[in-house]
Amino acid sequence: MATILKDLPELVENKVISPQTATDIERYYAARVNPQNNIMLTIFGVLGGILVGLGIILIFAHNWDNFSKTIKTGLAVLPLFMAQALAGYSILRNKSSVWKETSATLLFFAVGASISLVAQIYNISGDFPAFLRTWILLCLPLVYVLNSNAAAILLLVFSTWYSAAGGYFVTARPYIYLLFIAALLPFYSRHLKTNANSNMAFILNWLMPLSTIIALGAFINGTDSFMLAIYMAFFGLLYTIGAIPYFAYLKRKTGYLALGELGIISILLIFSNRPMWTEIASHIANASYIVLWFTLLLLTALIMLRYKNAKFNAGVTIAIYFFPILCFIAKASVPFATILTNLLVLAIGVITIRNGINRLNFRTLNFGLIVVAALTAFRFFDTDISFAIRGSLFLIVGIGFFATNYIVIRKKKEQPNTLTHEN
Amino acid sequence: MKTKYVFIVFVVTALIQAFAPLKMVYDNEMTAKQGAVYKFKTEPIDPSDPFRGKYVSLNFEENILKVKDTVWQSNEQVYALLSINAAGFANITAITKTEPKTGNDYIAVKTNYYFNGELHIELPFDRFYMEEGKAQEAEDGYRDYSRQENAKPAYALVAVREGNAVITDVIIDGLPIRDYVLRKREE
């Protein structure tokens, strides 16, 4: 770009382009530089806002004895009013996104600081989830009035934190988390509609599934091993959402697909061990959890029926629907369910390896190999399989790693122009 | 026009954001100023909170009650009626599920769990925030002090008004906990 601008006088002099065109080119580059700078400025503004906000909270947490209650109260609300003034100014003057993102971040932390400091001054006790809940509720509108990505990410992260704090270690269920997510959905869908390949859409395509995966635990804790069965169905739903054409054809892989697939295989690997089936076979689940389980499976089936043209990984799809059947089989025979699970994991591994070879994709190939290797590693600790068989299994998997990767390298060399596909 | 509406929504948001802490200040200030003061026997121990700093966590004797009926769920909002015993400390005389209209002072508390005729409750004031550093010294100091023979019981001064309760100070060996720490430093 710089060379073009340097060459402009020469081009004008030799009448290659008109002076008008030269000015136009200069203007074009001047305008184009801006968005790039803006993104960097915004990122630094937000990072600065987070650091300043956390700094204020930490400094006040020191809790000086010599300040009177009045001074402490004043100091508690001062950052809040300042951040509000900054945010109000950004809105009124319709300032750039740098202003809005930075002031949204500052205001977010100023709200947290003011509530925690007043709690400190008056020794208002614990209930950390309630504190997070108030904080999040007071800041939710900032996402929309300041059109702030930073606020959306902060709120999503804090909502997830709230769900874990409010449900993982206590008997209560953090239902308000659902409201928080619902409130952020219009913002998320607007990003997907305007530019689904943007950085922000990419971040949300990972944070949303990640947040719901973490929060689900808060809603079903106390269900023992049946929790994993519900998680299995939930990962299935996420995977299916990720596989519908809308998400599957984005430039970058979404968390729905990646986390869904990883979750399904992890749970299958856990259940390749017999004690898990013994436990789940003896567990009598509460009716409401069984309803939740079936609802998740039903939703998954409905999405699959609606998007028949989507490419679903055969092994993963079988796993989603076969797992509930395995749960019933386990009630009759635990060893049989265990053997079937092992075969299922092996099948998924082999199918993935085959896909990797066919598409000449190392990532898919090695993912399949890792699945098989993990299964073998689990079996390594089974004392009821003879050493000779275990040894042979390891040898086969090891040789498989070399052989399949070698095949793909050879094939790639033969067809240098082949495009690699992600599944 | 659009900016105007966005700004109006923002102003409403900002007012609610400011109202939340200020309402907390008002309610608790009123209780601290006008409430009746009770002494709750306690033991201070020191943990810390990521947002609010160091505090001494208070472990009250008055959080277990003998009750007759058994219909108590955990995490339920109930009301504890207060009186003062012969030694001058606060005593919970009864627990009701509905807010008392007049008469005795009372505090809103949460039930923890019921077991074997005893109801465990969570008093809404189990933290006393202190300057960083002093909280740990207060805990250590109290541990040494409580081992002494004829040590006086430590207690929290709690102002109570219309169900709301605010800790105004923690007293060890007859001294406010801050002064107690300072005295220990001088020794």
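All residue numbers refer to positions counted from 1 along the written sequence of the respective chain. Lettering for chains starts from A, numbering for ligands starts from 1, and both go in the order in which the items are written. At least 70 in pLDDT is required for a residue's local features to be given in this predicted model, at least 80 for side-chain atom pairs to be given and counted, and no such filter applies to totals for whole chains, interfaces and linings, which use all residues.

What follows is about the overall build of chain B. Put simply, DSSP marks the helices as runs of H or I at least four residues long and the strands as runs of E at least two long, and each gets a number from the N terminus on. Secondary structure assignment for chain B yields 3 helices and 12 strands. In terms of overall dimensions, chain B has C-alpha extents of about 75 × 50 × 30 Å along its principal axes. Neighbour density around each residue's C-beta defines its exposure: 20 or more other C-beta atoms within 10 Å make it buried, 12 or fewer make it exposed, and counts between make it partly exposed, where C-beta atoms are placed from the backbone. Across the 187 residues that make up chain B, the buried fraction comes to 31%. A separation threshold of at least 6 residues defines the contact pool for chain B, and within that pool the share at least 24 residues apart is 64%. Contact criterion: two residues are in contact if their C-beta atoms, reconstructed from the backbone, are within 7 Å.

To continue, consider the interface of chain B and chain A. At the interface, 33 residues of chain B touch 35 residues of chain A. Of all elements in the fold, only helix H1 (2–34), strand E3 (53–60), strand E9 (127–129) and strand E11 (164–172) of chain B reach the threshold of two or more residues within the side of chain B that touches chain A. By residue number, the principal contributor to the side of chain B that touches chain A is H1 of chain B, which donates 15 residues. Only Asp, Glu, Lys and Arg are considered charged, only Ala, Val, Leu, Ile, Met, Phe, Trp, Tyr, Cys and Pro nonpolar, and every remaining residue, Gly among them, polar. Grouping the amino acids of the side of chain B that touches chain A by side-chain chemistry returns 19 nonpolar, 7 polar and 7 charged.

The next thing to look at is the confidence of the model for chain B. Averaged over every residue, the pLDDT of chain B is 82; residues scoring 70 or more account for 95%. The complex model carries a pTM of 0.80, and its ipTM stands at 0.76. One confidence number per residue, pLDDT, is output by the predictor and ranges from 0 to 100.

Turning next to the nonpolar core. Ranked by size, the top nonpolar core spans 90 residues in total, and within it Ala151 and Leu155 of chain A together with Val158 of chain B carry the most contacts. For this core, the leading source of residues is helix H4 (residues 97–121) of chain A, giving 13 residues. Of all hydrophobic cores here, the second largest spans 45 residues; its members include Tyr239, Leu257, Phe323 and Leu369 of chain A. Take the buried Ala, Val, Leu, Ile, Met, Phe, Trp, Tyr and Cys residues, join any whose C-beta atoms are within 7 Å, and the set you get is a nonpolar core.

Bringing the environment of Ser114 of chain A into the picture now. Along the chain, Ser114 of chain A turns up in helix H4. When the C-alpha atoms of Ser114 of chain A and Gly74 of chain A are compared, they prove to be 9.6 Å apart, with 40 residues separating the residues in sequence. The contact partners of Ser114 of chain A, leaving out residues within four places of it in the chain, are Ala76, Val77 and Leu80 of chain A together with Pro21 of chain B.

The next point concerns helix H7 (residues 176–195) of chain A. Residues and elements named next belong to chain A. By this rule the span expected of a helix is its residue count minus one, scaled by 1.5 Å. Over its 20 residues, H7 extends 29 Å from the first C-alpha to the last, a length consistent with the 28 Å expected when each residue adds 1.5 Å. Bending is quantified residue by residue as the angle between axes fitted to the seven-residue window ending at that residue and the seven-residue window starting at it. Within H7, the axis deviates most sharply at Leu185, by approximately 35°, and proline Pro186 lies no more than four positions further along. Taken residue by residue, H7 has Tyr177, Phe180 and Leu184 as its buried positions. Along its buried surface, H7 packs onto helix H5 (128–145), helix H6 (149–167) and helix H8 (199–220).

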